[in-house]
Amino acid sequence: VFPNPGKGKFTINMEYVKGKMGDGKIAIYNVLGERVYSEAINNQQFKIINLSALPAGIYFLQMNTGEEIINRKLVLEK
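The following refers to the structure shown. (Residues numbered from 1 in each chain as written. Predicted model: local features only at pLDDT ≥ 70, side-chain atom pairs only at ≥ 80, totals over all residues. Heavy atoms only, no water.)

Observations regarding the environment of N64
Logical step 1: Locating N64 in the fold gives a position in strand β5 (residues 57–64).
Logical step 2: Setting aside residues up to four positions removed in sequence, N64 forms contacts with D23, G24, K25 and I69. (Helix = DSSP H or I, 4+ residues; strand = E, 2+ residues; numbered from the N terminus. Contact = heavy atoms within 4.5 Å.)

Observations concerning a nonpolar patch on the surface
Logical step 1: A cluster of nonpolar side chains, V31, L32, I58 and F60, forms an exposed patch at the surface whose accessible area comes to about 390 Å².
Logical step 2: You can see L32 is positioned in the loop between β2 (24–29) and β3 (35–41). (Patch = residues over 30% accessible without salt bridge, like charges linked within 9 Å, V, L, I, M, F, W, Y side chains within 5 Å. Areas by Shrake-Rupley, 256 points an atom, 1.4 Å probe, with all protein chains shown as cover. Salt bridge = Lys/Arg side-chain N within 4 Å of Asp/Glu carboxyl O.)

Observations concerning the sheet that holds strand β6 (residues 69–76)
Logical step 1: Judged by pairing direction, the sheet is antiparallel, and its 4 strands sit side by side in the order β3-β2-β5-β6 without closing on themselves. Each edge of the sheet is formed by a strand with only one pairing partner; in this case those strands are β3 and β6. Across the sheet, the axes of successive neighbouring strands diverge by a mean angle of 20 degrees, strand direction being ignored.
Logical step 2: Bridge count for β2 against β3 is 6 bridges, and the pairing is antiparallel. Counterpart to Y29 in the pairing with β3 is R35. (Pairing = 2+ DSSP bridges. Axes fitted to C-alpha atoms, helices over the stretch in contact; angles between N-to-C directions.)

Structural notes on the environment of N4
Logical step 1: Note on placement: N4 falls in the segment before β1 (9–13).
Logical step 2: Judged by relative accessible area, N4 falls into the partly exposed class, the value being 35%.
Logical step 3: Separated by 69 residues in sequence, N4 and K73 place their C-alpha atoms 8.6 Å apart.
Logical step 4: Apart from residues lying up to four places away in sequence, N4 is in contact with F10, K73, L74 and V75.
Logical step 5: Engagement of the side chain of N4 in a polar contact is seen with the backbone oxygen of K73, the distance being 2.7 Å.
Logical step 6: Among the polar contacts listed, one links the side chain of N4 to the backbone nitrogen of V75, at a separation of 2.9 Å. (Buried < 20%, exposed > 50% of the residue type's maximum accessible area, 1.4 Å probe, protein only. Polar contact = N/O pair within 3.5 Å; in protein donor to acceptor, adjacent residues only side chain to side chain.)

Written out as C-alpha cells, the structure is:
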C-alpha cells in the first residue's frame, strides 16, 4: 500500500496476492474497529482507494482474497 502515510488516495499493489481476486474484498477499519470503507475487487494488479473524506488518523486495511487475508496499517494525514 502506498503512499503510506498518505493524504487520501492509496494504491494497493495486488501483484503477489494469492487467490482469485474476482471474489476479493477490501475493507478499511478505524481504530475502534468500525468499518468505514468496503469494496469488492476484481482481477487487477493495482487498486486505488480514496479515503480523503475520512478524518486523519490510523486505519487498518483488510483484504480477503478467498485464499488469504492480508492486513495492513494505513496512516491518513491531512
